[in-house]
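Take a look at the letters that make up each chain.
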Amino acid sequence: MPQNPFSYGKALSPNHFIGRSKEIRRIVNRLLNGESTALIGDPHIGKTSLLTYLVHSDTRQSLYEGKAAQWYFSMMDTQILGGQLTPVQFWEQALFPIKESLDKEPPDSLLNKHYALCKENNFGNFTLERLFLLLKKIGRQFVLALDEFDTLLNHPVLNSAEFYGGLRSFASRPEFALVLIIASRTPLSQLNSRTQKFNPTGSPFFNIFAEITMGALTDKEVEKLFSLAGDRFKDHEKHAIKALAGKHPYLLQATCAALWDAYEEDEINRQPYVVQRLQEVNFFFSDTWRTWTPEIRKAFTIAAIAHQERLLKDAGFFGENLMTSIEDWKPELRELENKGWIEKDEQYQGGYKISSEIMLAWLSDELIKAARTDKSFESWLQERGIDGAFISVDEKKAFVEAAKKAAGVIKQAKEPIKDVFDLVKGLFGAS
Ligand SMILES: Nc1ncnc2c1ncn2[C@@H]1O[C@H](COP(=O)(O)OP(=O)(O)OP(=O)(O)O)[C@@H](O)[C@H]1O
Ligand SMILES: [Mg+2]
């Protein structure tokens, strides 16, 4: 039985990695200039896969103009650092590639001596400074990739001024050889404000990074992903996959994997099979929702209602108030657009539609569940964490009304989640 070429769940190894050429080009240029970068993105957008691609021994030689042989690469997942891990243990782990290379150095080399000094002094910032200074002098660069960087903010020991100050200073000054690539679900502005207490008057710790927000794949990258199936998927099926998953890499992989298996198992009717299988990824939506601010959640809900309204043939959910409010939510809508969750489409009220029908179905289902109980929409908003968003009384009223109407109409469908999927039904052939 041929192996399913699609994989979703864990980060990809470089030989399965697809695309992201724009992001790669930017980060590689920055690394060549000795500059640090922060990769910011929602859950499962591909941060770890990209970090791995950038530092992996299989890709280094071709990525960095032949300089990789002179560079050290180290990658750490800060989420798995034990709660009691000290800065000493952190640096010992991070600098392991240097330690490993010392065997090839003469025992009395400066690098050997400096590394030993660092160790003797418990990797204090002063000796680390000397080490990074030396590395730079001898033409080396130390690339340190820190995944799940935002979890450091909850670390009982490392979440400290000394630790962040050291990282910032070694990575920001041109005389030192440290370059950082960090990945985080939390944007830099929030990382800065959450660490401001350590440094109330100085520069924010993390303003040395260029921030790259990871969003949807490009059309070309999506085609490349489809090509993993050879000629198995029909054109109308590819079209349906894009409607369901948008261009989100994880959702695409999950949908493609399901369709591949439907063929493998000789399913006569592949559409319900795929839809059924996609229930597996429901947890992903709640995960994503949890990481959003109340403002983003509200902006997404508005766009989802606008989308539903059009699908349900302009059911009139939108009063004038809500239309005005869409204008006020432009920054959040733009952020959602950058992250690949919504896309511009003038046919929809407010000018946006939801990119993934599966995400739309998830949110609609949540709305319906709320409508099924006698709970007020006020409490639905509260439970969903939307009520924390700043909204005027009028706006709130309009929003609640629109959400109620939307839920009311969607509720009439016997199987609500199927209702949305029905819209792409027919795109899947029966055989
Ligand atoms: N470049 C890519 N090409 C193809 N598929 C990808 C790519 N990047 C991510 N994916 C898909 O998304 C899934 C999740 O990727 P990854 O673990 O790298 O995301 P992440 O942003 O690190 O997630 P988390 O926020 O949970 O740490 C992968 O298993 C794969 O299915
Ligand atoms: Mg990750």
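This text follows the structure it describes.
Note that the structure is predicted; figures quoted are calculated from it, not measured. (Residues numbered from 1 in each chain as written. Chains lettered and ligands numbered in written order. Predicted model: local features only at pLDDT ≥ 70, side-chain atom pairs only at ≥ 80, totals over all residues. Heavy atoms only, no water.)

A. Region of the structure containing the packing of helix H10 (residues 219-226) against helix H12 (residues 249-264). The contact between H10 and H12 brings their axes to 11 Å, and the two run at 30°. In terms of their interaxial angle, H10 and H12 are classed as roughly parallel. In the crossing of H10 with H12, the sense of the turn from one axis to the other is right-handed. Each of Val222, Leu225 and Phe226 in H10 lies in contact with H12, whose residues at this interface are Leu252, Gln253 and Cys256. (Axes fitted to C-alpha atoms, helices over the stretch in contact; angles between N-to-C directions. Helix = DSSP H or I, 4+ residues; strand = E, 2+ residues; numbered from the N terminus. Parallel < 35°, antiparallel > 145°, perpendicular 65-115°, else oblique. Left-handed = near helix turned anticlockwise from the far one by under 90°. Contact = heavy atoms within 4.5 Å.)

B. Structural context of helix H14 (residues 282-291). Every buried residue of H14 is listed here: Phe284, Phe285, Thr288 and Trp289. Looking straight down H14, one finds that the buried residues subtend no more than 135° of arc, so they occupy a single side. (Buried < 20%, exposed > 50% of the residue type's maximum accessible area, 1.4 Å probe, protein only. Arc of directions from axis to C-beta.)

C. Up close: the environment of Ala361. Among the structural elements, Ala361 can be located in helix H18 (residues 357-372). Counting along the chain gives 53 residues from Ala361 to Gln308, while the straight-line C-alpha distance between them is 9.5 Å.

D. Spatial organisation of the sheet that holds strand E2 (residues 71-77). Taken in spatial order, the five strands line up as E2-E3-E4-E1-E5 in an open sheet, and their pairing is parallel. Every interior strand has two partners, whereas the edge strands, E2 and strand E5 (210-213), have only one. For this sheet the average axis-to-axis angle between neighbouring strands, irrespective of direction, equals 15°. Examined bridge by bridge, E2 and strand E3 (residues 141-147) share seven bridges and lie parallel to one another. Each bridged residue has a counterpart across the sheet, and for Phe73 the counterpart in E3 is Val143. (Pairing = 2+ DSSP bridges.)

E. Structural context of the packing of aromatic side chains. Evaluation of the coordinates by the stated rule reveals 30 aromatic pairs. Ring centres 6.0 Å apart and planes at 70° place the aromatic pair Tyr8 and Tyr250 in the edge-to-face group. Taken together, the residues Tyr8 in the segment before helix H1 (21-32) and Tyr250 in helix H12 connect sequence positions 242 residues apart. Given the relative accessible area of 26%, Tyr8 is considered partly exposed. Classification of Tyr250 by relative accessible area gives buried; the value is 7%. Here the guanidinium or amino end of Arg232 rests over the ring plane of Trp260, the centre of that ring lying 4.0 Å away. Between Arg270 and the ring centre of Tyr263, over which it is positioned, the NZ or CZ distance is 4.1 Å. (Phe/Tyr/Trp six-rings, centres within 6.5 Å; stacked < 30°, edge-to-face > 60°. Lys NZ or Arg CZ within 6 Å of the ring centre and 35° of its normal.)

F. Highlighting the pattern of salt bridges. Across all of its chains, the model carries 16 salt bridges by this definition. With a shortest N-O distance of 3.8 Å, Lys242 and Glu223 are connected by a salt bridge. Of this pair, Lys242 sits in helix H11 (residues 235-245) while Glu223 sits in helix H10, placing them 19 residues apart in sequence. With a relative accessible area of 27%, Lys242 lands in the partly exposed category. Here Lys344 ties to Glu337 by a salt bridge, and the two come within 3.5 Å at their closest N and O atoms. Since its relative accessible area comes to 26%, Glu337 is described here as partly exposed. (Salt bridge = Lys/Arg side-chain N within 4 Å of Asp/Glu carboxyl O.)

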